[in-house]
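# Geometric and topological summary
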Amino acid sequence: MRVPIVAGNWKMNNTISESLTLISEIKEQNLNENVETVVAVPYTSLSEVKKVLEGTNIKLAAQNMHWEDKGAFTGEVSPLMLKEIGVDYCIIGHSERRKYFNEIDETVNKKIESALNNNIKPIVCVGETLEERESGREEEIVGRQILKGLQDIDKKSVKDIIIAYEPIWAIGTGKTASSNDANKMCSFIRKTIADKYGEEIKESIRIQYGGSVKPNNIRELMNKDNIDGALVGGASLRAEDFIKIVNY
Ligand code: 13P
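What comes next concerns the included structure.

Rules used in this analysis
- Residues numbered from 1 in each chain as written.
- Predicted model: local features only at pLDDT ≥ 70, side-chain atom pairs only at ≥ 80, totals over all residues.
- Heavy atoms only, no water.
- Helix = DSSP H or I, 4+ residues; strand = E, 2+ residues; numbered from the N terminus.
- Buried < 20%, exposed > 50% of the residue type's maximum accessible area, 1.4 Å probe, protein only.
- Contact = heavy atoms within 4.5 Å.
- Areas by Shrake-Rupley, 256 points an atom, 1.4 Å probe, with all protein chains shown as cover.
- Near = heavy atom within 4 Å.
- Polar contact = N/O pair within 3.5 Å; in protein donor to acceptor, adjacent residues only side chain to side chain.
- Nonpolar A, V, L, I, M, F, W, Y, C, P; charged D, E, K, R; others polar.
- Core = buried A, V, L, I, M, F, W, Y, C linked by side-chain atoms within 4.5 Å.
- Pairing = 2+ DSSP bridges.
- Axes fitted to C-alpha atoms, helices over the stretch in contact; angles between N-to-C directions.
- Parallel < 35°, antiparallel > 145°, perpendicular 65-115°, else oblique.
- Left-handed = near helix turned anticlockwise from the far one by under 90°.
- Expected span 1.5 Å × (residues − 1).

The subject of this paragraph is the overall build of the chain. Along the chain, the regular secondary structure elements total 12 helices and 8 strands. Seen through its principal axes, the chain has C-alpha atoms that stretch 45 × 45 × 35 Å. Within the chain, buried positions represent 53% of all 248 residues. For the chain, the share of sequence-separated contacts (at least 6 apart) that also reach a separation of at least 24 residues comes to 72%. By element, 47% of the accessible surface of the chain is carried by carbon and sulfur atoms, the whole surface being about 11,900 Å².

To continue, consider unusual backbone geometry. For asparagine 14, which is not a glycine, the phi torsion comes out positive at approximately 85°. Considering the arrangement of structural elements, one finds asparagine 14 in the loop between β1 (5-9) and α1 (16-28). Phi at asparagine 102 takes a positive value of approximately 55°, unusual for a residue other than glycine. Residue position: asparagine 102 is located in the loop between α4 (95-100) and α5 (105-117).

Attention now goes to the site of the ligand. Neighbouring the ligand are the residues Asn9, Lys11, His94, Glu166, Ala170, Ile171, Gly172, Gly211, Ser212, Leu231, Gly233 and Gly234. Note that an oxygen atom of the ligand is positioned 2.8 Å from one of the side-chain N or O atoms of lysine 11. Contacts to the ligand include serine 212, whose backbone N or O atom sits 2.7 Å from an oxygen atom. In the complex, the protein chains occlude 96% of the 310 Å² of accessible area that the ligand would expose alone. Each residue belonging to the shell around the ligand can be placed in one class, and the counts come to 3 nonpolar, 7 polar and 2 charged.

A separate point is the nonpolar core. Counting 63 residues, the largest nonpolar core has Ile26, Val39 and Ile189 as the members making the most contacts within it. It is helix α9 (residues 179-197) that contributes the most residues to this core, 6 residues altogether. Sequence-distant contacts of isoleucine 26, that is, excluding residues within four places in its chain, are made with Trp10, Leu31, Val39, Ile58, Ala239, Phe242 and Ile243.

Of the two faces of strand β8 (residues 229-232), the one holding Gly229 and Leu231 and the one holding Ala230 and Val232 are both buried throughout. With 4 bridges connecting them, β1 and β8 associate as parallel partners. Of the residues in β8, the one forming a bridge with glycine 8 is valine 232.

Let us look at the sheet that holds strand β4 (residues 89-92). Spatially, 8 strands are ordered β1-β2-β3-β4-β5-β6-β7-β8 in a closed barrel, and the strand pairing comes out parallel. Sheet twist, expressed as the mean angle between neighbouring strand axes with direction ignored, is 25°. Along the sheet face, α5 touches β4 and β5 (121-126) and points at about 160° away from the line of β5.

Let's shift gears to the packing of α1 against helix α12 (residues 239-246). Two numbers describe a pair of packed helices, the interaxial angle and the distance between the axes. Contact geometry of α1 with α12 gives a least axis separation of 9 Å together with a crossing angle of 40°. Classed by the angle they form, the pair α1 and α12 counts as oblique. Note that α1 runs across α12; the crossing there is right-handed. Here Leu22, Glu25 and Ile26 of α1 come into contact with α12, specifically with Ala239, Phe242 and Ile243. Grouping the amino acids of the contact of α1 with α12 by side-chain chemistry returns 5 nonpolar, no polar and 1 charged.

Looking now at α9. Given a rise of 1.5 Å per residue, 19 residues ought to cover 27 Å, and the 26 Å separating the end C-alpha atoms of α9 matches this to within 8%. Those residues of α9 that fall on the buried side of the exposure criterion are Ser179, Ala182, Asn183, Met185, Cys186, Ile189, Arg190, Thr192, Ile193, Ala194 and Tyr197. Of the residues one or two after α9, glycine 198 is the one with positive phi, at around 95°.

Turning our attention to α12. In terms of residue burial, α12 counts as a mostly covered element, since 6 of its 8 residues are buried. Every buried residue of α12 is listed here: Ala239, Asp241, Phe242, Ile243, Ile245 and Val246. For α12, the elements touching its buried residues are β1, α1, β2 (36-40), α11 (218-222) and β8.

Encoded structure:
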């Protein structure tokens, strides 16, 4: 049985004080204990949010990291720094990083390897553009992102990875992929993983859907057999909506 996992990606929103308000509102509610809940907050808020999360089941994520432990990489944040804060997860290869910060499969691969070496679980994002989908190339694109991103990652480590399928055309647009299309791609991702790592990993690896997930579409998505959770952007910034999504 795969434990469902819902993660809120706050992106570049919330100062420290705003983060504390939002996390307190989320923490006060009864969250479904059968769903693993994660908040991916800005770097500047990680330490403070971590303190508030002590004694709860809510997990903490960063939204990005560098692959080196330390060095002359001005402006970057290393896995050791995240580890010291007590970060559980790190989003890696989000499409916004690929689009605006030149993130490519090779750097995604280095970051995944480094996160795993530091006991930080990667939430690896993949997804196609509208143009790629309209030209029927979505599986080719996502398949390549998976295989290049997971290059040289061994079977023992891969069990700690979460894959997030986020079609780029559905992010922040209000256009959710239909639950059937989302499930079809998550099934393709599972098959790609099975071909590389075998049946056991195929059954255990968790795959999230992301892209305009809202309280009113989460249940239909979660009813699909290959969708194990959601990576939520905009709706995770309102405690009320995020809680409804976790408690789908
Ligand atoms: P939205 O839920 O705002 O579409 O964002 C999805 C996303 O990018 C989560 O990582």
